[in-house]
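The lines below spell out each chain.
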Amino acid sequence: MARIFRYLGLLGLAGLAAFYMITMPRSVDEARFDGLTGDSGRGASVFHASGCASCHTAPKVEFSDTPILTGGQSFPSDFGTFLAPNISPSAEHGIGTWSVLDFANAVQRGVSPGGKHYYPVFPYTAYAQMSEQDIVDLKAFIDTLPASDIPNQPHQVGFPFNIRRTLGGWKLLFAGKDWVLQDAATPELIRGRYLVEAQAHCAECHTPRNPLGGLDRSNWLAGSVLPGEGKVPGITPKELDWAPEDVAYYLESGFTPEFDSAGGAMTHVVENMGQLTPEDRNAIAAYLQVFK
Amino acid sequence: MKRRVLTTILAIAIAGPAIADKAIESAIKARQGQMQIYQHNLGILGAMAKGTVDYDAAAAAAAANNIKAAASLDAMSMWPQGSDMDSVEGTRAKAEIWTTFPAIAENGMAMSNAADVMAAAAGTDLTALQGAMGALGGACSSCHKAYRGRR
């Protein structure tokens, strides 16, 4: 009998050790960022393509070329309500003291400088595919923006989702994935894939999620339902019968082919996409065409 | 009597969006008609801006003038209290229009200004038309961003 308990005890310890290992926050490879210097001008393009301001400005703030990344917008989900943090260059309340590596770990691994997991409401699973140079340029641009001294508000997340360590398991299941579009045959498709999958993170809203909150990659961009937002349309040619020129024009002007206009959260996306080059908007449209 | 009133109030509270009465329905139809006029004429301008149709100064000017005329309508009677999407079916107008009134008047002014700019630009040449399109789209979106709900 005692032997059984000893055995169960050991098994429990092994389980704890495994949990500890699996859920441990993992960092980026430091060597990747060696010797890179950021260009804030290029970083501005990365910033707009990645839609940073859409979530990190204060609620109901209009579009700006030099936004104040105060945070405070709330994002309801099935797991609780998340509040976007201050990512302005404030030393006390923002990310003013972060190194390039701190920044890369946050954006590409979802890990804070203190070694805690971020919730995947922050689309680091997409940003993980961004190039090192884009990350460094992005930080250089954010460093030029005005600082905000508004403190962060805590997320409203209940048990067990408030145990951040469990996110290590979530990441094991859903982070670190390869491109969805495996063979991008032309430079335009490669560019479109980069914009859609690594930067603009279209899938975060337009792809349905499984019960654990992971993206259902077999229904890529096929439409979803967002708590607090409602129905989000599918954007592949199977659900949306728009010519590529129509998609590009929508991203530029906000007008649908029927000349209705974009509404809700998508207006932020149109503001960001309007900052891209026409070639980039065409590349996004070309990428979507592949999912016939 | 008191009980019946209470039941009625309760029934209304539980029922959610109801079928609109005639006056509300008429107002919703009228403002949707106004939107339809915008949409139709924007389609004419947009096809030229996109390059799917050749630029035609007279047709562009006519479309832009229609938008300007539609934007100059006094819209107050088309947006009565109780014609929001939580109260009645057949509309996507959010209740915030009324709870934050007159905030929406600013969006109305922006729309009217953008329509004026387009009316001056559309008949000039294609570049001017294309230049005015962005501000007009922005004016549409500024209202739809805050005040239009999802289907």
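Residues numbered from 1 in each chain as written. Chains lettered and ligands numbered in written order. Predicted model: local features only at pLDDT ≥ 70, side-chain atom pairs only at ≥ 80, totals over all residues. Heavy atoms only, no water.

A. Region of interest: the overall build of chain B. Tallying secondary structure elements over chain B gives six helices and zero strands in all. When the helices and strands of chain B are placed in sequence order, the string is α-α-α-α-α-α. Taken across its 151 residues, chain B has 33% of its residues classed as buried. Carbon together with sulfur atoms contributes 62% to the accessible area of chain B, which is approximately 8700 Å² in total. (Helix = DSSP H or I, 4+ residues; strand = E, 2+ residues; numbered from the N terminus. Buried < 20%, exposed > 50% of the residue type's maximum accessible area, 1.4 Å probe, protein only. Areas by Shrake-Rupley, 256 points an atom, 1.4 Å probe, with all protein chains shown as cover.)

B. Spotlight on the interface of chain A and chain B. Chain A puts 21 residues into the contact, and the matching count from chain B is 17 residues. Across the chain A/chain B interface, buried area totals approximately 1600 Å², and carbon plus sulfur atoms make up 50% of it. It is Tyr249(A), Phe255(A) and Phe259(A) in chain A that bury the most area against chain B; as a group they hold 34% of the surface buried on that side. Put simply, chain A and chain B have four salt bridges between them. Taking the shortest distance from any N to any O, the salt bridge between Glu62(A) and Lys145(B) comes out at 3.9 Å. Across the chain A-chain B interface, the total number found is eight residue pairs in polar contact (both at pLDDT 80 or more). Elements with a minimum of two residues in the side of chain A that touches chain B: strand E4 (230-232), helix H10 (244-253) and helix H11 (266-273) of chain A. Its residues assigned to classes, the side of chain A that touches chain B comprises seven nonpolar, seven polar and seven charged. (Contact = heavy atoms within 4.5 Å. Buried area = accessible area lost by both parts, 1.4 Å probe. Salt bridge = Lys/Arg side-chain N within 4 Å of Asp/Glu carboxyl O. Polar contact = N/O pair within 3.5 Å; in protein donor to acceptor, adjacent residues only side chain to side chain. Nonpolar A, V, L, I, M, F, W, Y, C, P; charged D, E, K, R; others polar.)

C. Representation of the UniProt feature "binding site: heme c" (unreviewed entry) in chain B within the structure. Residue and element names in this part refer to chain B. Residues annotated by UniProt as "binding site: heme c" (unreviewed entry) correspond here to Cys140, Cys143 and His144. Looking at the element boundaries, Cys140 is found in helix H6 (residues 126-147). For Cys143, the position within the fold is in helix H6. When sequence neighbours within four positions are dropped, the list of residues in contact with Cys143 reads Ile104, Asn107 and Arg148. (UniProt positions renumbered as here; feature names shortened; annotations may be inferred.)

D. Quick look at the UniProt feature "domain: Cytochrome c" (unreviewed entry) in chain A. All names here are of chain A. Here, UniProt's "domain: Cytochrome c" (unreviewed entry) annotation points to residues 38-146 and 187-292. Spanning residues 38-146, this segment combines 39% helix with 7% strand, and its end C-alpha atoms are found 18 Å apart. Each end of residues 187-292 is marked by a C-alpha atom, and these two atoms are 19 Å apart; helix forms 44% of the span and strand 6%.

E. Structural context of the packing of aromatic side chains. Residue and element names in this part refer to chain B. For the coordinates displayed, the defined rule picks out twelve aromatic pairs over all chains. Seen in terms of ring centroids, Trp79 and Trp98 are 6.4 Å apart; in terms of plane orientation they differ by 45 degrees. Their pairing is tilted. With Trp79 in the loop between helix H3 (57-71) and helix H4 (96-99) and Trp98 in helix H4, the pair connects residues that are 19 residues apart, well separated along the chain. The lysine or arginine in question, Arg31, covers the ring of Trp79, its NZ or CZ lying 4.2 Å from the ring centre. (Phe/Tyr/Trp six-rings, centres within 6.5 Å; stacked < 30°, edge-to-face > 60°. Lys NZ or Arg CZ within 6 Å of the ring centre and 35° of its normal.)

F. Geometry of the nonpolar core. Within the largest apolar cluster, 29 residues are counted, with the highest numbers of intra-cluster contacts made by Trp220(A), Leu221(A), Tyr250(A), Leu251(A), Ile284(A), Tyr287(A) and Leu288(A). Look past the residues within four positions of Leu288(A) in its chain and what remains in contact with it is Leu221(A), Ile235(A), Thr236(A), Pro237(A) and Val247(A). (Core = buried A, V, L, I, M, F, W, Y, C linked by side-chain atoms within 4.5 Å.)

G. Representation of the domain arrangement of chain A within the structure. All names here are of chain A. Considered domain by domain, chain A is made up of domain 1 (36-149 + 156-177) and domain 2 (179-292). Placing the centre of domain 1 and that of domain 2 at their C-alpha centroids yields a distance of 21 Å. Each side of the interface is counted separately: domain 1 has 25 residues, and domain 2 has 23 residues. Here domain 1 and domain 2 share an interface that buries about 2100 Å² over both sides, 56% of which is from carbon and sulfur atoms. Summed over the three residues of domain 1 that lose the most area to domain 2, namely Ala49, Phe63 and Gln129, the buried surface amounts to 26% of that side. Counting every contact that joins domain 1 to domain 2 gives eight residue pairs in polar contact (both at pLDDT 80 or more). (Domains from an automatic or database assignment.)

H. The arrangement of the packing of H3(B) against helix H5 (residues 103-121) of chain B in detail. Residues and elements named next belong to chain B. Two elements in contact, H3 and H5, have axes whose closest approach is 8 Å; the angle formed by their N-to-C orientations is 155 degrees. Classified by the angle their axes make, H3 and H5 are roughly antiparallel. Every pair of crossing elements has a handedness; the one defined by H3 and H5 is left-handed. Along the contact surface, H3 presents Ala64, Asn65, Ile67, Lys68 and Ala71, while H5 presents Met111, Ser112, Ala115, Asp116, Met118 and Ala119. (Axes fitted to C-alpha atoms, helices over the stretch in contact; angles between N-to-C directions. Parallel < 35°, antiparallel > 145°, perpendicular 65-115°, else oblique. Left-handed = near helix turned anticlockwise from the far one by under 90°.)

I. Summary view of H3(B). Residue and element names in this part refer to chain B. Between its first and last C-alpha atoms H3 spans 21 Å; for 15 residues at 1.5 Å apiece the expected length is 21 Å, and the two agree. Where H3 is concerned, the buried positions are Ala60, Ala63, Ala64, Ile67, Ala70 and Ala71. Taken around the axis of H3, the buried residues stretch over an arc of 120 degrees, which confines them to a single face. As for H3, its buried residues are in contact with helix H2 (22-50), H5 and H6. (Expected span 1.5 Å × (residues − 1). Arc of directions from axis to C-beta.)

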